[in-house]
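Next come the chains, spelled out residue by residue.
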Amino acid sequence: MKQYDCLIVGSGLFGATFAHMARKSGKKCLVIDKRPHLGGNVYCGKVAGINVHRYGAHIFHTSDRKVWDFVNSFAEFNRYTNSPVANYKGSLYNLPFNMNTFYQMWGVRTPREAMERIEVQRQEVMAAMASRGISEPGNLEEQALMLVGNDIYEKLVKGYTEKQWGRSCTELPAFIIKRLPVRFVYDNNYFNDRYQGIPVGGYNKLVEGLLAGIETKTGADFFENREYWESVADRIVFTGKIDEYYGYRFGKLEYRTVRFEEERLDVPNYQGNAVVNYTDRDIPYTRIIEHKHFEMFGEDVYAEPVTVISREYSVEWKEGMEPYYPVNDRRNSGVYARYKALADREENVIFGGRLAEYKYYDMAPVIAAAMKYFPEF
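**Details of the packing of aromatic side chains**
Right, so step 1: If you walk through the whole model with that rule in mind, you get 33 aromatic pairs.
Right, so step 2: For the pair Phe 18 and Phe 374, a centre-to-centre distance of 4.9 Å together with 65° between the ring planes defines the contact as edge-to-face. With Phe 18 in helix 1 (residues 13-24) and Phe 374 in the segment after helix 10 (363-371), this residue pair connects regions lying 356 residues apart in the sequence. Phe 374 shares its class with Phe 18; the two are buried.

**A few points about helix 4 (residues 111-131)**
Right, so step 1: The terminal C-alpha atoms of helix 4 lie 30 Å apart, and with 21 residues this matches the ideal 30 Å at 1.5 Å per residue to within 8%.
Right, so step 2: What helix 4 keeps buried is the set Ala 114, Ile 118, Gln 121, Val 125 and Met 129. Axial view of helix 4: buried residues confined to an arc of 85°, hence all on one face. Structural note: helix 4 exposes Arg 112, Glu 124 and Ser 131 on the side pointing more than 90 degrees away from its buried face.
Right, so step 3: Of the surrounding elements, those touching the buried residues of helix 4 are helix 3 (99-106) and helix 5 (140-165).

**Points about the side chain of Asn 82**
Right, so step 1: Tracing the chain through its elements places Asn 82 in the loop between helix 2 (65-72) and strand 6 (85-88).
Right, so step 2: For Asn 82, a relative accessible area of 7% translates into the label buried.
Right, so step 3: A distance of 3.5 Å separates polar atoms of two side chains, one belonging to Asn 82 and the other to Tyr 80.

**As for the pattern of salt bridges**
Right, so step 1: One pass over the structure, following the stated rule, counts 20 salt bridges.
Right, so step 2: A salt bridge links Arg 167 to Glu 316; the nearest nitrogen and oxygen atoms lie 3.1 Å apart. Separated by 149 residues along the polypeptide, Arg 167 in the loop between helix 5 and strand 8 (195-197) and Glu 316 in strand 14 (residues 307-316) bring together distant segments of the chain.
Right, so step 3: Here Arg 167 falls in the partly exposed class, since its relative accessible area comes to 26%.
Right, so step 4: We classify Glu 316 as partly exposed; its relative accessible area is 30%.
Right, so step 5: Look at the salt bridges and you will find they share partners, linking Glu 141, Lys 158, Glu 162 and Arg 281 into a network.

**Thoughts on the sheet that holds strand 12 (residues 275-278)**
Right, so step 1: The strand order across the open sheet built from 7 strands is 7-6-12-13-14-11-15, with neighbouring strands paired in mixed fashion. Each edge of the sheet is formed by a strand with only one pairing partner; in this case those strands are strand 7 (91-94) and strand 15 (325-326).
Right, so step 2: Each of strand 6, strand 7, strand 11 (255-265), strand 12, strand 13 (287-290), strand 14 and strand 15 is contacted by helix 5, which is oriented at about 70° to strand 14, the strand it contacts most.

**Let's talk about the pairing of strand 7**
Right, so step 1: Where strand 6 lies against strand 7, 4 bridges are found, and the strand directions are antiparallel. Across the sheet, the residue bridging to Val 85 is Asn 94, located in strand 7.
Right, so step 2: Linking strand 6 back to strand 7 in an antiparallel pair, the connection comprises 2 residues, with Lys 89 at a positive phi of about 50°.

**Observations concerning the environment of Glu 227**
Right, so step 1: Secondary-structure assignment places Glu 227 in helix 7 (residues 226-231).
Right, so step 2: Along the chain, Glu 227 and Val 31 lie 196 residues apart, while their C-alpha atoms are 16 Å from each other.

**A word on the nonpolar core**
Right, so step 1: In terms of nonpolar packing, the biggest core is built from 57 residues, with Leu 7, Phe 97, Phe 102, Ile 152, Phe 222 and Phe 351 touching the most fellow members.
Right, so step 2: With 10 residues, the single largest contributor to this core is helix 5.
Right, so step 3: With near-sequence residues (within four places) excluded, Phe 97 lies in contact with Phe 102, Val 148, Ile 152, Leu 156, Val 157, Leu 180, Pro 181, Val 182 and Arg 183.
Right, so step 4: By size, the runner-up hydrophobic cluster in this structure holds 49 residues, among which are Met 21, Ile 198, Met 363 and Ala 368.

**A look at the packing of helix 3 against helix 5**
Right, so step 1: One way to put it is that helix 3 packs onto helix 5 with a least axis distance of 12 Å and a crossing angle of 100°. Here helix 3 is positioned roughly perpendicular relative to helix 5, judged by the angle of their axes. Residue-level inspection shows Thr 101, Phe 102, Met 105 and Trp 106 of helix 3 in contact with helix 5, the latter providing Asp 151, Ile 152, Lys 155 and Leu 156.
Right, so step 2: Residue composition of the contact of helix 3 with helix 5, grouped by class: 5 nonpolar, 1 polar and 2 charged.

Scoring rules and cut-offs
- Residues numbered from 1 in each chain as written.
- Predicted model: local features only at pLDDT ≥ 70, side-chain atom pairs only at ≥ 80, totals over all residues.
- Heavy atoms only, no water.
- Phe/Tyr/Trp six-rings, centres within 6.5 Å; stacked < 30°, edge-to-face > 60°.
- Helix = DSSP H or I, 4+ residues; strand = E, 2+ residues; numbered from the N terminus.
- Buried < 20%, exposed > 50% of the residue type's maximum accessible area, 1.4 Å probe, protein only.
- Expected span 1.5 Å × (residues − 1).
- Arc of directions from axis to C-beta.
- Contact = heavy atoms within 4.5 Å.
- Polar contact = N/O pair within 3.5 Å; in protein donor to acceptor, adjacent residues only side chain to side chain.
- Salt bridge = Lys/Arg side-chain N within 4 Å of Asp/Glu carboxyl O.
- Pairing = 2+ DSSP bridges.
- Axes fitted to C-alpha atoms, helices over the stretch in contact; angles between N-to-C directions.
- Core = buried A, V, L, I, M, F, W, Y, C linked by side-chain atoms within 4.5 Å.
- Parallel < 35°, antiparallel > 145°, perpendicular 65-115°, else oblique.
- Nonpolar A, V, L, I, M, F, W, Y, C, P; charged D, E, K, R; others polar.

Structural data, given as structure tokens:
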């Protein structure tokens, strides 16, 4: 008999949720993580009493009542509403694109005026494409221009997207932006989901709740001692890179990653918002996060005379860096399909999460994906 029923490789939300559900069903689990902490990318550090999202902003949102009730059983969630602001050459615009954005850009006040502005620009774009014999968008730039016209594209899409991907919009496939959210109402709430918030006390509270009573080990790299780790449990739940699991036999999958510059400032309120995107291509970072705004509201922001900000830089992933965003172009999708075919034949290995499934996951869907392995609950 082996020591554990399940070895969970990775303590992010998929691994932690799976471990919790497995324990609930009577299984003995061990969770290992190569990082010095638990929680994967939702881990929060503490600076001057502020919970700092060390791996970028994480805003929990869902319309799935079961998932919402589940996470709230471990941590109380606050009322945070994601309402980012875009800074283009010093001018500020509300996101997502809504009537506030259109008023800031054109001075229009009614949905009809905004629709007419966008439609005129869309028609100009389509006429220009037709004159070149183009009927369908061939790249991201053409796709975005057809959706929102030139003004929004140039100021709020182009520079930010090129910084994110490290490539010109004309070199990116059209399917990356299948649609851009355009709302003809005065509503700065980025998400349409029914439920939204941040765990009071940070995401560590949620992870600690999920992993309560479960044996964990940090600083443990599965691949450094693979033979041993594979021997300790009847089943493996793997949340790392699927190409690495299979020894890169079909080639390496590509990612974008993020570099952070964290700074503590001796002011109580630096930018007045949790997230400000910098959409000008000449600004090297994509956005600035001011972490206290995730959990402090109104006058509470001034209770502490300091704040913590993080500047985010999107860069090409290299060995030794943390992989963040799958590059789901045709080449990588084809490579992943070959790895998935191998994974589908595994009897005692479950692959889950953004790296193992090579897809961008929001937090609620990744929790739901882990829960589906336990229909009895």
